[in-house]
Amino acid sequence: MIDLPLVSLDLEILDTDAGSEIIEVGAVKFRGAETLDTFSALVRPKGALTFKVGNLTGLTARDLANGESLRPVLERLSRFIGGATIVGQSIGIDLENLKKAGLDLANRRFDTFELAVLLRPGLKAYDLGSIARDLGVGGDIPHRALADAELARAVFNALVEKVGEHSLETLSQVVRLATTLDWPLKTVFELVHQQRVRRMIESRQVETFGGGPLDDLKPPAASEPVEPDGRFVALNPKSLASSMAPGGEVARSLRGYEDRPAQRRMLQAVATALNDGDTLLVEAGTGTGKSLAYLLPALRFAVENGMRVVVSTNTINLQDQLLDKDVPDLLHATGLPARVSVLKGRGNYLCLRRWLTLFKTDDLSPGERMLLIRTLIWLTRTTSGDRAELRLTPEEDEAWSKVAAAAEVCSPLRCPYHREGTCFVARARRAADSAHVVIVNHSLLLSDVVTGNQVLPEYRHLIVDEAHHLEDEATAQLSRRVTAREVARRLGELADAVTSEGPGLLNEATGALVHATPDDAKKEEHWRRLDRGRQQVVRVRSGMDRLFGMLSTFTREQNRRGEGGPATVRLTRALRSHPLWSEIDILWGEVGRDMLDLQKTVAELIAGLDALSSRDEVQDTTLGELTAQGTAWEETRLHFTKVIAESSDNVIAWLTFGQTDELGVNAAPLDIGPTIREQLVGPLAAAVLTSATLTSEGNFRYVKDRLSLQDAEELTVGSPFNYATSTLVYLPTNAPEPNQQGYQRAVEQIVLAAATELKGRTMVLFTSHSQLRATYMGLRDALDARKIILLGQRVDGSSRARLLETFKSGRPCVLLGTSSFWEGVDVVGEALSCLIIARLPFAPPTDPIVEARSEQFDDPFNQYSLPQAILKFRQGFGRLIRSKTDRGIMIVLDSRLRTRRYGRSFLDSLPSCEMRVGPSNDAGRVAGAWMRGERDHLGMAISLRR
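This section reports on the structure supplied with the text. Because the structure is a prediction, the values reported are computed rather than measured. (Residues numbered from 1 in each chain as written. Predicted model: local features only at pLDDT ≥ 70, side-chain atom pairs only at ≥ 80, totals over all residues. Heavy atoms only, no water.)

Moving on, we come to the overall build of the protein chain. The helix and strand tally for the protein chain stands at 38 helices and 24 strands. Its C-alpha atoms give the protein chain a radius of gyration of 31 Å, within 12% of the compact-globule value 30 Å for 946 residues. Here the protein chain holds 946 residues, and the buried ones make up 53% of them. The long-range fraction of contacts in the protein chain, counting pairs at least 24 apart against all pairs at least 6 apart in sequence, stands at 76%. A total of about 41,300 Å² of accessible surface is found on the protein chain, and carbon and sulfur atoms cover 48% of it. Taking the average place of the 115 positive charges on the side chains of the protein chain and the average place of its 123 negative ones, the gap between the two points comes to 3 Å. (Helix = DSSP H or I, 4+ residues; strand = E, 2+ residues; numbered from the N terminus. Rg over C-alpha atoms; globule rule 2.2 N^0.38 Å. Buried < 20%, exposed > 50% of the residue type's maximum accessible area, 1.4 Å probe, protein only. Contact = heavy atoms within 4.5 Å. Areas by Shrake-Rupley, 256 points an atom, 1.4 Å probe, with all protein chains shown as cover. Lys, Arg positive; Asp, Glu negative; His and termini not counted. Charge placed at Lys NZ, Arg CZ, Asp CG, Glu CD.)

Written out as structure tokens, the structure reads:
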């Protein structure tokens, strides 16, 4: 308990076109568990109560009409709070609303959201209700100001108890690190620390104190590595498939089992591919249950043969599904003694040596201090050391690079944490070495390829799910972007950013070398090299500043979108003939030589440290950090040379200004197919690539060409869903084409009509956030008047998970989403009855990678852009029907589907649905009729070509 008078505070807010209005205030004055007083008031707003707020809070227009004027409420609230510390969930938002309303409170504040993120890492969500459930306090309460203030009080007290559960050593270190921070929550730790010390003195019981922060880490139990025993045991595909048939051992154990013949076909094909060493492409329609179809043969094959199988996914959601549901279900059903682990890239794991080095550093930035506090507390809970468990601020995220595991810094022979088995990278690697199935993401899979198979344990059997993302992820892994901020940060790590004479790796390495030699001449040589290195840092910094300045000027001059906002300029042969580019080329020649000189100095320091007969832990860490610097500067120099001086037909180079107005210098490979074929799939014994969308226009030609897998076996298994009776595709006949006058108005009218008819239950997919926002603003008031909740991705402040949770809740909702909502969204039942696609998902033709790759084709549109768009279109369509009992309508608002020849290719890519065309004004009525099962007057039928 914190022995201070505290006030927990909550506001209910009404958002209108005129701005935000406070409609209710709730506050609780308390000391520990004792309630001292409460405050509650309704405020009469100027605007009308919206359905969304009324539905959330239970308030009515009559309630608010009887409310008070805002000014006297704020005056009473100010007196109620007095000088007390204010507690609340994301309390800064409430205080900002009070400030806008005329009450500016300068009181100290404790944010329950921030405290929960710090103390309870790894929660799926951090809204007040989720935190309360995790802590076991409170229950389902009405979303009203006083009730939320009461819950915030209970959550805060429970979190303070969690603070008190930490050791005195941990509390002391948090207090030490927070001393210089402007961080309100440091008071919580100071008070709890003082209470613990006082209790210890009063009880005369000395608490163990003074141990290191990493002393209590324990290594996990070791497992035997997976190794083949020299014999090969082939799978029996028919027997495996029968176990998934009605009455089979697996089928009997699966909760909610459904007989899926297509799943068994896929399972047999996967088993055969593993037996015969094939490369197999499998398109498995929505509802096939493809994860079980490849996991069962993979698990059995790996156990029977002692051969590791790697499974790669693109999304965290699918990884979680495999680990938390599918794998446990299959292991329970089969009794297989299979071990399964997840492995991520090194940069995702905390390096204990680097962390301890930073922890012992005196000169720390605020971001570094906060990261150390956050990870110090996290280390008492985590078993993985995976940064995915943390929610880092941008400042903490930047500091993460100083504590993340890195190959150049890792020295297993000299690292005590590696020897003890507590190193998180070593733990993950050992778990992978002993696993029959290792689950990774596409990023790690392809980084293993890039590094020459130095990332993953040895494997010869691979299954790639969500394989339609493989080309894009390979492009990302083989691409590089460098910014001025990154260059400045690395130079600052070498030497002080202002004087080049302060702390830095050059100084640390030189000090170690000087200390290690008694020879005065050699000492003088070391000092001269340090001076030379400092001067080189100054020259590189000055040169890179000038280079980025010239590149920025060039980008703005060539920006096809005009001044202001994001800009992208692809570096073509024609642009490289521009006079300014010649100046850039000359300047880079000078800067590149200075950078190479700096690399040589770093290399000399690395060689000197490496030659020391004995190094302490600090010197060993400095050697690792310098080695990482040497690698980074070599990659940076080669990158700029590739972009500026040595243009290649196989490299796409471009310059970008993002939203932050920071220039990026970018390069990507033109064609990644040969890399996939020769370095990923080629060395394997067997590979299976699967997705719900691998075919375009009825064949695998496009994906085979993009991945250079022309000789792969093919299998298409259809969905078990009866689309002919469950799904209607409706095409409005009189909607304008995108970019034509009246198009946006037509989009809003059709969405409004469908949502009104269906009482929500509608998801709208966009290809641009600007159109999503325009539609949100255009529909907000109209939908609210119809008592329909409007949800907008990155518009109303909710996370993707929260948006989907609200949408699935059964309340009348319309959800507007962009890129990430086109796939991976699983809404079963009536909550999603209508899917609206605003625009066909063609990639922007001005994107440098799209533009460059298009130039490889005789017919770029039909050979590249169209098949790519069809795959994404099919992904979007797949959101609609998610079970055998689902029923729904898809409305496509892009009239090019009817007016252009290629429109038929999109329609032919869909399952055999009912298809109708009709006036835009009928869209809502048709949606309602279809969902009610009324087939008359649905519009004119059109048929698919088969």
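Moving on, we come to the pairing of strand E13 (residues 651-657). Across the seven residues that make up E13, a large majority, six, are buried. Relative to E13, strand E12 (residues 567-570) is paired through four bridges, and the arrangement is antiparallel. Pairing of Arg570 across the sheet is with Trp654, part of E13. As paired elements, E13 and strand E14 (residues 663-669) share seven bridges and run antiparallel to each other. Bridge pairing in E14 links Ile652 to Ala668. (Pairing = 2+ DSSP bridges.)

Okay, the packing of aromatic side chains next. Here a ring pair, both rings aromatic, is described through the centre-centre distance and the interplanar angle of the planes. The full count for this structure, using the stated rule, is 18 aromatic pairs. Ring geometry for Phe39 versus Phe80: centroids 5.6 Å apart, planes at 50°, classification tilted. Of this pair, Phe39 sits in strand E3 (residues 34-42) while Phe80 sits in helix H3 (residues 70-81), placing them 41 residues apart in sequence. For Phe39, a relative accessible area of 7% corresponds to the buried category. The buried category is assigned to Phe80, whose relative accessible area is 8%. Where Trp355 meets Phe359, the ring centres are 4.9 Å apart and the plane angle is 15°; that geometry is what we call stacked. Of this pair, Trp355 and Phe359 both sit in helix H15 (residues 352-359), four residues apart, which is roughly one turn of the helix. (Phe/Tyr/Trp six-rings, centres within 6.5 Å; stacked < 30°, edge-to-face > 60°.)

Among the structural elements, Asn559 can be located in the loop between helix H24 (520-558) and E12. Taking the C-alpha atoms as reference points, Asn559 and Leu804, 245 residues apart in sequence, are found 38 Å from one another.

Remark: helix H31 (residues 743-758) packs on helix H32 (residues 769-785), axes separated minimally by 10 Å, with the N-to-C direction vectors making an angle of 45°. It follows from the interaxial angle that H31 and H32 lie oblique. Crossing of H31 against H32: the hand is right-handed. Between H31, through Tyr743, Gln744, Val747, Glu748, Val751, Leu752 and Ala755, and H32, the contact on the second element is made entirely by Gln771, Ala774, Thr775, Gly778, Leu779, Ala782 and Leu783. Broken down by class, the residue content of the contact of H31 with H32 amounts to nine nonpolar, four polar and one charged. (Axes fitted to C-alpha atoms, helices over the stretch in contact; angles between N-to-C directions. Parallel < 35°, antiparallel > 145°, perpendicular 65-115°, else oblique. Left-handed = near helix turned anticlockwise from the far one by under 90°. Nonpolar A, V, L, I, M, F, W, Y, C, P; charged D, E, K, R; others polar.)

Ranked by size, the top nonpolar core spans 101 residues in total, and within it Phe156, Trp183, Phe189, Trp355, Ile373 and Leu680 carry the most contacts. Among the elements that take part in this core, helix H7 (residues 145-164) stands out by supplying nine residues, more than any other. If we skip the residues at most four places from it in the chain, Phe189 touches Leu115, Leu118, Leu119, Val163, Leu171, Val174, Val175, Trp183 and Ile377. Within the second largest apolar cluster, 48 residues are counted, among which are Leu547, Phe548, Leu587 and Leu612. (Core = buried A, V, L, I, M, F, W, Y, C linked by side-chain atoms within 4.5 Å.)

This next bit is on a negative patch on the surface. Side chains of Asp519, Asp520, Glu524 and Glu525 sit close together on the surface and give a patch of like negative charge. Mapped onto the elements of the fold, Glu525 is located in helix H24. (Patch = residues over 30% accessible without salt bridge, like charges linked within 9 Å, V, L, I, M, F, W, Y side chains within 5 Å. Salt bridge = Lys/Arg side-chain N within 4 Å of Asp/Glu carboxyl O.)

Now for the sheet that holds E14. Taking strand neighbours across the sheet as the criterion, the four strands line up as E11-E14-E13-E12 in an open arrangement whose pairing is antiparallel. With partners counted over all chains shown, the strands left at the sheet margins are strand E11 (480-483) and E12, one partner each. Across the sheet, the mean angle separating the axes of adjacent strands is 20° when strand polarity is ignored.

Inspection of the sheet shows strand E1 (residues 6-16) paired to strand E2 (residues 19-31) by 11 bridges, in the antiparallel sense. What sits directly across from Ser8, in E2, is Val28. Judged from the eight bridges that link them, E2 and E3 form a sheet pairing that is antiparallel. Bridging from a neighbouring strand, Lys29 pairs with Asp37 of E3.

Let's shift gears to the side chain of Arg374. Note that Arg374 resides in helix H16 (residues 366-378). Its relative accessible area of 4% is what places Arg374 among the buried residues. Residues in contact with Arg374, not counting those within four places in the same chain, are Val117, Leu118, Leu390, Arg391, Leu392 and Glu396.

Turning our attention to unusual backbone geometry. What is expected of a backbone is that most residues other than glycine have negative phi and most peptide bonds are trans. Backbone geometry at Glu466 places phi at a positive 50°, although glycine is not the residue there. Among the structural elements, Glu466 can be located in the loop between strand E10 (461-464) and helix H21 (470-477). The backbone of Glu697 shows a phi angle near 55°, a positive value even though the residue is not glycine. Here Glu697 shows up in the loop between strand E15 (686-691) and helix H29 (701-707).

The subject of this paragraph is the environment of Arg570. Looking at where Arg570 falls in the secondary structure, it is placed in strand E12. As a C-alpha pair, Arg570 and Ile201 span 369 residues in sequence and 69 Å in three-dimensional space. Side chain to side chain, Arg570 and Glu851 meet in a polar contact 3.1 Å long. (Polar contact = N/O pair within 3.5 Å; in protein donor to acceptor, adjacent residues only side chain to side chain.)

On to the sheet that holds strand E5 (residues 109-111). The mixed open sheet is built from five strands, whose spatial order is E3-E2-E1-E4-E5. The strands lining the two open edges of the sheet, one partner per strand, are E3 and E5. Each strand axis lies, on average, 25° off the axis of its neighbour in the sheet, ignoring direction. Across the sheet, helix H4 (residues 91-101) is in contact with E1, E2, strand E4 (85-88) and E5; its angle to E1 comes to roughly 65°.

We now examine the packing of helix H8 (residues 168-178) against H16. Here H8 crosses H16 at 170°, and the two axes come no closer than 9 Å. Put simply, H8 runs roughly antiparallel to H16. Here Thr170, Gln173, Val174, Arg176, Leu177 and Ala178 of H8 lie close against H16, whose contacting residues are Arg369, Leu372, Ile373, Leu376 and Ile377. Each residue belonging to the contact of H8 with H16 can be placed in one class, and the counts come to seven nonpolar, two polar and two charged.

Attention shifts here to the pattern of salt bridges. A side chain of one charge can pair with a side chain of the opposite charge when the charged atoms of the two come close. Tallied over the full model, the rule gives 48 salt bridges. The salt bridge involving Arg925 is made with Asp922; its shortest N-O contact spans 3.4 Å. Note on Arg925: relative accessible area 38%, which makes it partly exposed. Classification of Asp922 by relative accessible area gives partly exposed; the value is 23%. A network of salt bridges, in which partner residues are shared, links Asp127, Arg802 and Glu805.

Between the first and last C-alpha of helix H12 (residues 261-276) there are 23 Å, a value that for 16 residues agrees with the 22 Å anticipated at 1.5 Å per step. The inward-facing, buried residues of H12 abut helix H10 (237-243), strand E6 (279-284), helix H13 (290-305), E10, E15 and strand E16 (713-717). A positive backbone phi angle near 75° is found at Gly277, which sits one or two residues after H12. (Expected span 1.5 Å × (residues − 1).)

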